[in-house]
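# Per-entry structural report
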Amino acid sequence: MSYNFKQSEEKWQKMWRETGAFRAEFSGDKPKYYLLEMFPYPSGKIHMGHVRNYTIGDVAARFKLTQGFNVLHPMGFDAFGQPAENAAIKNKTKPDTWTHKCIEEMKRELQKMGFSYDWERQVSTCDADYYKWNQWIFLKMFERGLAYKKASNVNWCPACLTTLANEEVIDGGCWRCHTKIEQKDLEQWYLKITEYKERLLEDLLLLKDWPERVLAMQSNWIGRSQGVEIYFRTKDNSKAIPVFTTRADTIFGATYIVLAPEHPFVKELIRGKPEEKEALKFIDKVAKESKVVRSSSDVKKEGIFTGSYAVNPVNNETIPIWLADYVLMDYGTGAIMAVPTHDQRDFLFAKEHGLPMRIVIQPSDSSHQLPAEELKEAYEGDGIQVNSGQFDGLPNQEAKVKIAEWMEKESIGKIETHWRLRDWLISRQRYWGTPIPVIYCVKCGTVPVPYKDLPVELPEDAPFTGEGGSPLSKVKEFVNTNCPKCGSSARRETDTMATFFDSSWYFLRFCSPRFFDGPFNENDAKLWMPVDQYIGGIEHAILHLLYSRFFTKFFKDLGMLNFSAEGGCACGAEEPFKRLLTQGMVLKDGEVMSKSRGNIVDPDSIIKNYGADTLRLFILFAAPPETELEWDERGIEGANKFLNRVWRIRENLKETADPELIRILHRSIKKVTEDFEGFKFNTAIATLMELTNAVYSFGADKEVFGKLIILLSPIAPHFCEELWVSLGNKSSIIKAGWPQYDPAQLVEDVITLVIQVNGKVRSKIDIPADMEESQLKELVYRDEKLKQWLQDKPVKNFILVPKKLVNLVI
RNA sequence: GCGGACGUGGCGGAAUGGCAGACGCGCGAGGCUUAGGACCUCGUGGGGAAACUCAUGGGGGUUCAAAUCCCUCCGUCCGCACCA
């Protein structure tokens, strides 16, 4: 009788649900394991990316569960966001109705995969009992000055009609719809993530089990650079222009300075100068260019003289002040000192505009020692200081430090650290998000909503026209309110929060999802946190992970988090995710599966034709978790074939197993266990296939077969449950306990010793594993096959790698 | 430009200094079968009749021994970037 996956999968899913098989209850007698996969946006349908992400997580969770860990494996929905509003416009449904319908559909699909979630802990960020705590957290931040409002030039997506955080702008376009972003001046709410920049950077060192590349991306994003802020006085001594440089060693070669056209000093610098008219024209032209155009490289660097001069404070030289489009107002001080000999951009600019240059660093390699006029490009390497006054003759790296210190002493500069990280813009002019809990009163100004009045609920109805402005601002009953301080009529904030706010702490909510007195129960968080293993896509390497780290540090500062470093966690109480795995994408014909490419394979159709277990098996076997996975229909067939092969073992069980098979079994237990720990599912499956092949050669008994299916059960859970009961077991395979290997069974009495001559394999001999070296040596020298290789040449060296090989060097 | 990952059969991939190509797909041969695209067994990197020999992007190095470590060049993917 062949395996009926359809019947079996339905049966076991029902069984797990009814027995609460995956309910997480903390008990002190078992070690905890918090396994989390990034929760999805409820689009209604799962795609292969979800299947891959959640299958990886599920195998890990089931493995830990079978091993006897106390596993927390929750799932929820990141349910606020724009698609719900778009659906509302298109289908005339309410975002709330639409979203909840999608959540139900998606949940059904996830359940069909047999994932071991504790559904009793499900949360949806769009429910008031969740977003109430977003508001609570916002107020806590507001109290501490970490949430503030400011007018500024913001990124604006003209398609989504809302603002975007810097992090949400990708290649000058909107991260969601790729529309080219515009700049707009608006009053917006920000979170002061920059307050945490040092900790966010330094603590990356604690994250030993994160992928290198994610750490590099975060570090890059925070972007610390150390240098000196130098003050250049104008010739008429009316202003001091601060300039930031990481190359204090080149200061004596600064032959002009360049300001961003929007620099606040510019107007005054050009006033009344002959160059004024041309300069204004230039400023106007640059202002019209969007950031995208301006920052695209290979565009020629344009600039213009201001007519004013400054003084280089280290040598009192008078140098011209220029404006150029390549100097950006939002990095550093918006002004640079130009050293054309040692910076390629400055070099090109100086050549273009005929500006002076002077070499201040000579390379030790004499080939580069040219007069400044003959330079073909800037010399950006290390060397010895020249033309640098008292610092001449010093290696430039040493001079860099000495010059900085000297400038600080002379009060012409200040050693400073600059950061790329900006505060996080969270205001969105959308309906389907958490209302920002703030009230504007004519008398009292900006007043936070009192905690007792939370949540500020989203009104059920709002007009969705798709035209600009926040839909909430058109709901009178929402906007009009009374000031909590003075009682006079007031107006509510109509912006909502960016959805990244919601996902920055959901992992804490899962610890106590029905807690009413705060975002999470501190005791429960202490028990479960940190997340032992987090799994998700690389696309969240910066935004979501950085924000979550920020929130965790904030909670810690509120004194709400005190999870311990037990269980080998080196990251203390500040880092939410101990170990991170970023899974690769699923490709079809070498391209990412996507609707627009039309190359989507619907998981549901695979489940219908082959069952969830076959899909799970294939997706794990086809590639290691971190790498891209090429979808291959024939691979699905192969996975199915393997399960059927295992299924048929049942029909031919023997009374006792061959001792050789038992040895292979124990080796397999060791290998599979280690591979599961290391998330090497593809090789774990290869091992299980080898074990299955061995069963076919030797014939298995019930004992061996039982262990084989326990090893397979995290990957193909329904299938293995079915086999497990067919062996006469009464309880679920989850309770079977993870097989232990017997070290004695791993010991081999006879080993095959490889014999190399000069590093090439020339012979092999079978010898007892514990043979002494002298005896072994004698045996090797007597080997017939070696004669032609050794001839009579003397053996210079005899290298023995115990139990593996010998190498004779002649 | 800076930072990161990577490059192995026809394909997905294995091997983290010690027998290159585990396991699977595909392909070939045989068996079973009325038949099969089901199942079972065997074979399957290149060259060579064979003994052997050549092979892990190219070149160089370290080592008794290198896919693995180091240098260099080439290429692919990802992140950041007129970042001062």
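In this report, we go over the structure that sits alongside the text. Keep in mind it's a predicted model, so treat the numbers as computed, not measured.

## Looking at the side chain of Thr66
Take Thr66: it is sitting in helix α2 (residues 48-66). Contacts of Thr66, omitting those with residues within four sequence positions, involve Ile710, Ile733, Ile734, Gly737 and Trp738.

## Re the packing of helix α7 (residues 212-222) against helix α17 (residues 543-557)
Packing of α7 against α17 brings their axes to within 10 Å, and their N-to-C directions diverge by 75 degrees. One way to sum up the angle between α7 and α17 is to call them roughly perpendicular. Each of Val214, Gln218, Trp221 and Ile222 in α7 lies in contact with α17, whose residues at this interface are Leu545, Leu546 and Arg549.

## Notes on the sheet that holds strand β28 (residues 629-630)
With mixed pairing, 3 strands are arranged side by side in an open sheet as β27-β26-β28. The sheet is open, and its two edges are formed by β27 (591-592) and β28, each paired on a single side. With 2 bridges connecting them, strand β26 (residues 586-588) and β27 associate as antiparallel partners. Its bridge partner lying in β27, Lys588 is registered against Glu591.

## Describing the protein's contact with RNA strand B
As a structural note, the neighbourhood of RNA strand B is formed by 45 residues, with Thr245, Lys301, Tyr331, Ala622 and Lys764 the closest of them. If you look at RNA strand B and keep only atoms within 4 Å of the protein, 61% of those are sugar or phosphate atoms. The separation between a phosphate oxygen of RNA strand B and a polar side-chain atom of Arg645 is 2.7 Å. Among the elements that line the surface near RNA strand B, the one with the most residues is helix α22 (residues 681-698), at 6 residues. A class-by-class count of the residues in the surface near RNA strand B yields 21 nonpolar, 9 polar and 15 charged.

## Focus: empty space enclosed by the protein
Rolling a probe over the atoms, with the probe sized like a water molecule, indicates the empty space that remains. Using the criterion set out here, one finds 5 cavities of 30 Å³ or more in the structure. Every residue lining the largest cavity is counted, 16 residues in all, and those nearest its centre are Gln82, Arg176, Arg428, Arg430 and Thr499. Those elements giving two or more residues to the lining of the largest cavity turn out to be β4 (162-164) and β23 (496-497). Taken as a whole, the second largest cavity spans an internal volume of roughly 60 Å³. What lines the second largest cavity is simply Trp16, Arg62, Leu65, Thr66, Ser713, Pro714, Pro717, Glu721, Ile733 and Ile734. Elements with a contribution of two residues or more to the lining of the second largest cavity: α2 and α24 (717-726). Counting residues per element, the lining of the second largest cavity draws most heavily on α2, at 3 residues. For the lining of the second largest cavity, the per-class residue count stands at 6 nonpolar, 2 polar and 2 charged.

## Some words on the packing of helix α1 (residues 5-19) against α24
The geometry of α1 relative to α24 is characterised by a closest axis approach of 9 Å and an angle of 90 degrees between their N-to-C directions. Judged by the angle between their axes, α1 and α24 are roughly perpendicular. Contact residues: Ser8, Glu9, Lys11, Trp12, Gln13 and Trp16 in α1; Pro717, His718, Glu721, Glu722 and Val725 in α24.

## Quick word on helix α5 (residues 128-143)
If you check α5, its first and last C-alpha atoms are 22 Å apart, about what 16 residues at 1.5 Å a residue would give, namely 22 Å. Looking at α5, one finds that the buried residues are Tyr130, Tyr131, Trp133, Asn134, Gln135, Trp136, Ile137, Phe138, Leu139, Lys140 and Met141. After α5 finishes, the residue Gly145 shows a positive phi value of roughly 75 degrees.

## Observations concerning α7
Of all the residues in α7, the buried ones are Val214, Leu215, Gln218, Trp221 and Ile222. Looking straight down α7, one finds its buried side chains confined to an arc of 130 degrees; they lie on one side. Exposed side chains of α7 directed beyond 90 degrees from the buried face belong to Glu212 and Asn220. Summarising the contacts, the buried residues of α7 are in contact with α6 (197-202), β8 (224-234), β16 (413-419), α17 and β25 (580-583).

## Notes on the pairing of strand β9 (residues 240-245)
Alignment of β8 against β9, held across 6 bridges, turns out to be antiparallel. Note on β9: the bridge partner recorded for Tyr231 is Pro242. From the end of β8 to the start of β9, which pair antiparallel, there are 5 residues, and Asn237 there has a positive phi angle of about 65 degrees.

About the thresholds
- Residues numbered from 1 in each chain as written.
- Chains lettered and ligands numbered in written order.
- Predicted model: local features only at pLDDT ≥ 70, side-chain atom pairs only at ≥ 80, totals over all residues.
- Heavy atoms only, no water.
- Helix = DSSP H or I, 4+ residues; strand = E, 2+ residues; numbered from the N terminus.
- Contact = heavy atoms within 4.5 Å.
- Axes fitted to C-alpha atoms, helices over the stretch in contact; angles between N-to-C directions.
- Parallel < 35°, antiparallel > 145°, perpendicular 65-115°, else oblique.
- Pairing = 2+ DSSP bridges.
- Near = heavy atom within 4 Å.
- Polar contact = N/O pair within 3.5 Å; in protein donor to acceptor, adjacent residues only side chain to side chain.
- Nonpolar A, V, L, I, M, F, W, Y, C, P; charged D, E, K, R; others polar.
- 1 Å grid on protein atoms, 1.4 Å probe; cavity = no way out; pocket = protein on both sides within 12 Å on 5 of 7 lines; lining within 4 Å.
- Points joined across faces, edges and corners; volume = space filled by probe spheres on them.
- Expected span 1.5 Å × (residues − 1).
- Buried < 20%, exposed > 50% of the residue type's maximum accessible area, 1.4 Å probe, protein only.
- Arc of directions from axis to C-beta.

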